[in-house]
Amino acid sequence: PLPDSGLTTRGTMVKRKNLPSLLDMVKSCGKEKDLLKLRSMHADMKPWILEEIRVSNALIRAYGRCGASGLLEAQQLFDHLPCRTIVSWNALIAGYVDNGFHAEALECFRRMEEDQGLISPSAVTYGTVLKACAHIGSLEVGEKIHARICDQGLLNHNLVLGTALIDMYAKCGALEKAHHVFNELPHRNVFGWSALISGYAKEGLGYEALECFRQMVDEGVSPNVVTYACILKACAAIGSLEIGEDIHAKVREQGLLKDNIILGTTLIDMYAKCGALQKAHKVFDELPKQDVVAWSVLIAGYVEYGFCDQAIKCFRQMEVEGVPPDTVTYVCILKACAAIRSLEIGEAIHAKMREQGLLKNSIVVGNAVIDMYAKCGALQRACEVFDELPRR
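Please read these numbers as outputs of a predicted model, since none were measured by experiment.

A. Main features of the overall build of the protein chain. Across its full length, the protein chain holds 23 helices and 0 strands. Each of the three principal axes of the protein chain carries a C-alpha extent, and together these read 75 × 50 × 40 Å. The proportion of buried residues among the 392 residues of the protein chain is 49%. Relative to all contacts within the protein chain whose residues are 6 or more apart in sequence, the contacts with residues 24 or more apart total 59%. Total accessible area computed for the protein chain in this model is approximately 19,700 Å², and 53% of it derives from carbon and sulfur atoms. Computed over 43 positive and 47 negative side-chain charges, the inter-centroid distance for the protein chain is 5 Å.

Set out below in structure tokens:
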């Protein structure tokens, strides 16, 4: 038995008054992704699983937060339940979404509707399934869920669900429908605005994103970190350096760069794509932590504007500081080598990539290596890499 769990030494019946604290412990295990402790608690709580559905539901949700291994155990526990409630289904579907198994989440939703005709999806169910639709671009399923939500009048008093719908339509590229849902919301908060702005920015519609941002500010809604990141992407898409600098000033005034590397990286990307590479490097130097994404964005900016020697210098500094390159970094630096015909550096990078087995898994990386060798005049080497590609 776990210390202070309230269980008897023989793992027998727990006093009912201790159940709330035990459920809190299960939730804590899920939040901390402590799978070993959760399994131990599960073993001790087995006498309760058939008697208390709350225990089973809490365990399923906690297992779903513990990665793919935990999700498998969540599914096994779910399959053995004699009775399932909407909370049981929601816990399992959320587990699939949390772990990136979005198609499986939609399949689980379909089985829920087939197996439990007496159980109706809740707003929580719809919100979670809409996330899955957004991630895999399942517009058809998303539209069907939207129709049901409208039939049940759920948008009249559920802003979270409305935002999930906007996000789904935006990520599926259906921006007109996203804007239509947005206009029908009874109240428009920062999350709804950010979802809409994000959709326009993602599709490269920078001017539309900026117009939404202006309307949002005019209505007195304060932007959050997500809003700023989205609008910076819009500025990058249309090369709007002036607006990007204004956003940077606001972000700096609010002290948002101190603990948000994603926002900092987005700023670097905006400056780099607008050709302000000196400012991009200055933001980079001021970051509290410089990860592989930040390095890659900076290197890509230098390569884009032809400063390939500076890109290679950044790459070497990145290695000195012990930050392992990813496929994006390698592709960028290979472009730099190709541009300045640096065969020696290109060969060294090719060797590192081969050691890591990257050519087996990424056609983009393979193409970049071939292009580098070809532009450096090493056509035989280019042909050899081409012949080794698993797919062309």
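Okay, back to it.
B. Inspection of the packing of helix 1 (residues 19-32) against helix 4 (residues 53-64) at higher detail. Where helix 1 meets helix 4, the closest approach of the two axes is 8 Å, and the angle between their N-to-C directions is 15°. Of the possible angle classes, the one that applies to helix 1 and helix 4 is roughly parallel. Seen along the crossing, helix 1 lies across helix 4 with a hand that is right-handed. Residues Leu 19, Leu 23, Val 26 and Gly 30 of helix 1 pack against Arg 54, Val 55, Ala 58, Leu 59 and Ala 62 of helix 4. Partitioning the contact of helix 1 with helix 4 into residue classes produces 7 nonpolar, 1 polar and 1 charged.

C. Just the environment of Val 124, in detail. Structurally, Val 124 is set in helix 8 (residues 123-136). Taking the C-alpha atoms as reference points, Val 124 and Leu 159, separated by 35 residues in sequence, lie 12 Å from one another.

D. Broad picture of unusual backbone geometry. The phi dihedral of Lys 33 is positive, around 55°, even though this residue is not glycine. Backbone geometry places Arg 341, a non-glycine residue, at a positive phi of 55°. Relative to the helices and strands, Arg 341 is located in the loop between helix 20 (327-339) and helix 21 (343-355).

E. Layout of helix 6 (residues 86-98). The end-to-end C-alpha distance of helix 6 is 18 Å, a good match for the 18 Å that 13 residues give at a rise of 1.5 Å each. With 10 of its 13 residues buried, helix 6 lies for the most part within the structure. Along helix 6, the residues classified as buried are Ser 88, Trp 89, Asn 90, Ala 91, Leu 92, Ile 93, Ala 94, Gly 95, Tyr 96 and Val 97. Residues of helix 6 that are buried sit in contact with helix 4, helix 5 (67-79), helix 7 (102-115) and helix 8. Where helix 6 terminates, the next one or two residues include Gly 100, which has phi positive at roughly 85°.

F. Region of interest: the environment of Trp 89. With respect to the helices, strands and loops of the structure, Trp 89 is situated in helix 6. Spatially, the C-alpha atoms of Trp 89 and Met 112 are 7.0 Å apart, while their sequence positions differ by 23 residues.

G. Quick peek at the packing of helix 21 against helix 22 (residues 363-375). At a closest axis distance of 10 Å, the pairing of helix 21 and helix 22 adopts a crossing angle of 155°. One element, helix 21, and the other, helix 22, form an angle in the roughly antiparallel class. Helix 21 and helix 22 meet at a crossing whose hand is left-handed. From helix 21, Leu 343, Gly 346, Glu 347, His 350 and Met 353 reach across to helix 22, where they touch Val 365, Val 369, Met 372 and Tyr 373.

H. Broad picture of the packing of aromatic side chains. Scanning the model with the defined rule gives 4 aromatic pairs in all. Ring centres of Phe 78 and Trp 89 lie 4.8 Å apart, and the angle between their planes is 70°; on these two criteria the pair is classed as edge-to-face. With Phe 78 in helix 5 and Trp 89 in helix 6, this residue pair connects regions lying 11 residues apart in the sequence. Seen in terms of ring centroids, Phe 284 and Trp 295 are 4.6 Å apart; in terms of plane orientation they differ by 70°. Their pairing is edge-to-face. Highlighted residues: Phe 284 in helix 17 (residues 277-286) and Trp 295 in helix 18 (residues 292-304), separated in sequence by 11 residues.

I. The confidence of the model for the protein chain, seen in detail. Model confidence for the protein chain is summarised by a mean pLDDT of 90, while 94% of its residues fall at 70 or above. In the model, residues 1-15 has pLDDT below 50 throughout and makes 25 contacts with residues more than four positions away in sequence or in other chains.

J. Molecular detail of the nonpolar core. With 135 residues, the main nonpolar core has Ile 149, Ile 268, Ile 299, Ile 349 and Met 353 as its most contacted residues. Those residues within four positions of Ile 268 in sequence are excluded, and the remaining contacts are Ala 280, Val 283, Phe 284, Leu 287, Ala 294, Val 297 and Leu 298.

Cut-offs and rules
Residues numbered from 1 in each chain as written. Predicted model: local features only at pLDDT ≥ 70, side-chain atom pairs only at ≥ 80, totals over all residues. Heavy atoms only, no water. Helix = DSSP H or I, 4+ residues; strand = E, 2+ residues; numbered from the N terminus. Buried < 20%, exposed > 50% of the residue type's maximum accessible area, 1.4 Å probe, protein only. Contact = heavy atoms within 4.5 Å. Areas by Shrake-Rupley, 256 points an atom, 1.4 Å probe, with all protein chains shown as cover. Lys, Arg positive; Asp, Glu negative; His and termini not counted. Charge placed at Lys NZ, Arg CZ, Asp CG, Glu CD. Axes fitted to C-alpha atoms, helices over the stretch in contact; angles between N-to-C directions. Parallel < 35°, antiparallel > 145°, perpendicular 65-115°, else oblique. Left-handed = near helix turned anticlockwise from the far one by under 90°. Nonpolar A, V, L, I, M, F, W, Y, C, P; charged D, E, K, R; others polar. Expected span 1.5 Å × (residues − 1). Phe/Tyr/Trp six-rings, centres within 6.5 Å; stacked < 30°, edge-to-face > 60°. pLDDT = per-residue confidence, 0-100. Core = buried A, V, L, I, M, F, W, Y, C linked by side-chain atoms within 4.5 Å.

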